[in-house]
Number of protein chains: 2
Amino acid sequence: MSLRYALLGVLEARPMTGYELAQFFDGSTAWVWSAPHSNIYPTLRKMQAEGLLAAETDIKGEKLERTSYSITDEGERALKEWVVSDPGPPTRDPLLLRMVFADIVDPEEVTKLLGMLIERQTDLVAQWTDHAQALRRKDTDLLRERLKTKPPEDHDRIAEIKANVFDLMVAQAETWIEWATRAVEGFDDGAR
Amino acid sequence: MSLRYALLGVLEARPMTGYELAQFFDGSTAWVWSAPHSNIYPTLRKMQAEGLLAAETDIKGEKLERTSYSITDEGERALKEWVVSDPGPPTRDPLLLRMVFADIVDPEEVTKLLGMLIERQTDLVAQWTDHAQALRRKDTDLLRERLKTKPPEDHDRIAEIKANVFDLMVAQAETWIEWATRAVEGFDDGAR
DNA sequence: TCATCCATGTAATTTGTTACATGATTCG
DNA sequence: CGAATCATGTAACAAATTACATGGATGA
């Protein structure tokens, strides 16, 4: 469900091909959303059929076709509507579920898992901190394109809004790290 | 995918019918996981076919059948394995995605959304705080059943592990609240 | 010319959601 | 006897994941 809006949101910045979008969403944890190309291409076609996107196909070289998608007015309306629609119940996190059942496994194993978690979240903090800074410098590909179509007096505000989200992700990761650090101590005490 | 393990984890505490499980998971945001009964019943049957669960059907009254499921040794092995297996990429949150695109809608609308968010997260903090306390008092239905089969010297440790998870959920909700509060100020400034 | 990147797809499977549907039992 | 609760399902649909698959363009 969210992929559709992720695509709309990115295409709102500038038209892109499925390939470009797939790279943008390529499963790396660096951005807010991810999806494999095998999901992206069919979704784009569906959205075009629904009038949310416009497609333009051209030929690169001799015969290599590529289709560039851009957001339509209808697509923009749908995106705006979605952004402020009721968020529904909070997203549930399978990681929390594991942790609830952590008491049935060997404490050492859990400590190992928590260690891995801390490591990964620490990496993410670094990545996201960088990204937030880059956004505030207006120094990311997408944001640059995005700002071209917007009045200069809005630029700071727009960059700040996007950067804020990465600040939040950093804060969430740090919450995890603090919790996991305390939890490891607990498990060590328990094992002692 | 996670539902299977959620079911295993709950059934590890005590055998239950689909109906009881459905109540436990009934979409209320109170617990860590949720699922509708229409998902639970078929999943239970599949898991029984796979040997993860054992089913026992009895008759209540004249002809009302009900099937109680209990976890098998194989199910327990599968659960333990899952708990400490690689968590993979972090769960992505559609809410964050909305926020990234918040710059294209009316600031007032976003402020309204953030207000709703703060309200809900505040409710959740209260609920989860209560639940963590109840767990530390060993005063929840499931935990009581769960502890019956475990040696008394483990009781504190088990309760503490489960309570920890709700502490984390509280901390995460508070992170959201703090962020949203600051973000509202930003939007008010931007609108001024 | 060969490896890397560009570019797009299909198919199978699994998972989850929403809606529809039925009937028994219990308690006041 | 009627309402609430117990108890279990099916069907249709939407979404996501994994694997399989193909071929053109570009540059060293």
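Residues numbered from 1 in each chain as written. Chains lettered and ligands numbered in written order. Predicted model: local features only at pLDDT ≥ 70, side-chain atom pairs only at ≥ 80, totals over all residues. Heavy atoms only, no water.

Description of the protein's contact with DNA strand C
At step 1: Among the 25 residues in the neighbourhood of DNA strand C, the closest are listed as A:R66, A:T67, B:M1, B:S38 and B:E62.
At step 2: Those atoms of DNA strand C that come within 4 Å of the protein belong to sugar or phosphate at a rate of 69%.
At step 3: One of the backbone nitrogen or oxygen atoms of B:K60 is found 3.4 Å away from a phosphate oxygen of DNA strand C.
At step 4: Contact distances for DNA strand C include 2.5 Å between a phosphate oxygen and a backbone N or O atom of B:E62.
At step 5: Secondary-structure elements contributing two or more residues to the surface near DNA strand C are α2 (18-24), α3 (37-49) and β3 (64-71) of chain A together with α1 (2-13) and α3 (37-49) of chain B. (Near = heavy atom within 4 Å. Polar contact = N/O pair within 3.5 Å; in protein donor to acceptor, adjacent residues only side chain to side chain. Helix = DSSP H or I, 4+ residues; strand = E, 2+ residues; numbered from the N terminus.)

A closer look at the relation of the copies chain B and chain A
At step 1: Once chain B is rotated about the relating axis by 180 degrees and shifted along it by 0.0 Å, it coincides with chain A to within an RMSD of 0.0 Å. A rotation of that kind, with that shift, is consistent with a two-fold axis. Using C-alpha coordinates, one finds that chain B approaches the rotation axis most closely at B:Q172, a distance of 3.2 Å.
At step 2: Interface overlap between copies is the fraction of interface residues in one copy that are interface residues in the other; for chain B against chain A it reaches 100%, indicating a shared surface. (Least-squares fit on C-alpha atoms with pLDDT ≥ 70 in both. Contact = heavy atoms within 4.5 Å.)

Notes on the interface of chain B and chain A
At step 1: Listed as interface residues are 59 residues of chain B and, on the opposing side, 60 residues of chain A.
At step 2: Between chain B and chain A, a total of about 6,000 Å² is buried, with carbon and sulfur atoms accounting for 71% of that surface.
At step 3: Counting every contact that joins chain B to chain A gives six salt bridges.
At step 4: Linking chain B with chain A are 27 residue pairs in polar contact (both at pLDDT 80 or more), by the criterion used here.
At step 5: When contributions to the side of chain B that touches chain A are tallied by element, the ones reaching two or more residues are α1, α4 (73-83), α5 (94-100), α6 (107-136) and α8 (155-191) of chain B.
At step 6: In terms of residue class, the side of chain B that touches chain A is built from 37 nonpolar, 10 polar and 12 charged. (Buried area = accessible area lost by both parts, 1.4 Å probe. Salt bridge = Lys/Arg side-chain N within 4 Å of Asp/Glu carboxyl O. Nonpolar A, V, L, I, M, F, W, Y, C, P; charged D, E, K, R; others polar.)

Brief notes about the pattern of salt bridges
At step 1: A full pass over the atoms with the stated rule returns 32 salt bridges over all chains.
At step 2: Its salt-bridge partner being A:R146, residue A:E12 comes within 2.6 Å of it at the nearest N-O pair. In this pair, A:E12 sits in helix α1 (residues 2-13) while A:R146 sits in helix α7 (residues 141-148), placing the two residues 134 residues apart along the sequence.
At step 3: For A:E20, the salt bridge is made with A:R14, and the minimal N-O distance between the two is 3.3 Å.
At step 4: For A:E20, a relative accessible area of 28% gives the class partly exposed.
At step 5: Its relative accessible area of 25% is what places A:R14 among the partly exposed residues.
At step 6: Each member of the salt-bridge network shares a partner with another, and the members are A:E12, A:R146, A:K150, A:K162 and B:D103. (Buried < 20%, exposed > 50% of the residue type's maximum accessible area, 1.4 Å probe, protein only.)

Let's talk about the protein's contact with DNA strand D
At step 1: The environment of DNA strand D is made up of 23 residues, and the closest members are A:M1, A:S38, A:E62, B:R66 and B:T67.
At step 2: Protein-proximal atoms of DNA strand D, defined as those within 4 Å of the protein, fall in sugar or phosphate at a share of 68%.
At step 3: Between DNA strand D and B:T67 there is a distance of 2.6 Å, counted from a phosphate oxygen to a backbone nitrogen or oxygen.
At step 4: Elements that contribute at least two residues to the surface near DNA strand D include exactly α3 of chain A together with α2 (18-24), α3 and β3 (64-71) of chain B.

Remarks on the packing of aromatic side chains
At step 1: Applying the stated rule across the entire model yields 11 aromatic pairs over all chains.
At step 2: On the basis of an interplanar angle of 75 degrees and a centroid distance of 5.7 Å, the ring pair of B:F24 and B:F25 is categorised as edge-to-face.
At step 3: Residue classification places B:F24 among the partly exposed residues on the basis of a relative accessible area of 26%.
At step 4: Using a relative accessible area of 0% as the deciding quantity, one classes B:F25 as buried.
At step 5: Here the aromatic rings of B:W176 and B:W179 are separated by 5.6 Å at their centres, their planes lie at 90 degrees, and the arrangement is edge-to-face. A residue pair is termed a helical-turn pair when its members lie 3 or 4 positions apart in one helix, as B:W176 and B:W179 do in helix α8 at three residues. Each member of the pair, B:W176 as well as B:W179, is classed as buried.
At step 6: Grouped by ring-pair contacts, the aromatic residues A:F24, A:F25, A:W31 and B:F101 constitute a single cluster.
At step 7: It is B:R92 that lies over the ring of A:W33; its NZ or CZ is 4.7 Å from the centre. (Phe/Tyr/Trp six-rings, centres within 6.5 Å; stacked < 30°, edge-to-face > 60°. Lys NZ or Arg CZ within 6 Å of the ring centre and 35° of its normal.)

Some remarks on the sheet that holds strand β2 (residues 53-60) of chain A
Residues and elements named next belong to chain A.
At step 1: The antiparallel open sheet is built from three strands, whose spatial order is β1-β3-β2. Single-partner strands in this sheet number two, and they are β1 (16-17) and β2.
At step 2: Note that β1 and β3 share two bridges and pair antiparallel. In the strand pairing of β3, T17 is matched with S68.
At step 3: In this fold α1 packs onto β1, β2 and β3, with an angle of close to 90 degrees to the strand it touches most, β3. (Pairing = 2+ DSSP bridges. Axes fitted to C-alpha atoms, helices over the stretch in contact; angles between N-to-C directions.)

What to know about the environment of A:L95
At step 1: Residue position: A:L95 is located in helix α5 (residues 94-100).
At step 2: Counting along the chain gives 22 residues from A:L95 to A:L117, while the straight-line C-alpha distance between them is 9.9 Å.
At step 3: Look past the residues within four positions of A:L95 in its chain and what remains in contact with it is A:L117, A:W176 and B:P87.

Comments concerning the side chain of B:D103
At step 1: Tracing the chain through its elements places B:D103 in the loop between α5 and α6.
At step 2: Sequence-distant contacts of B:D103, that is, excluding residues within four places in its chain, are made with A:R146, A:R157, A:I158, A:I161 and A:K162.

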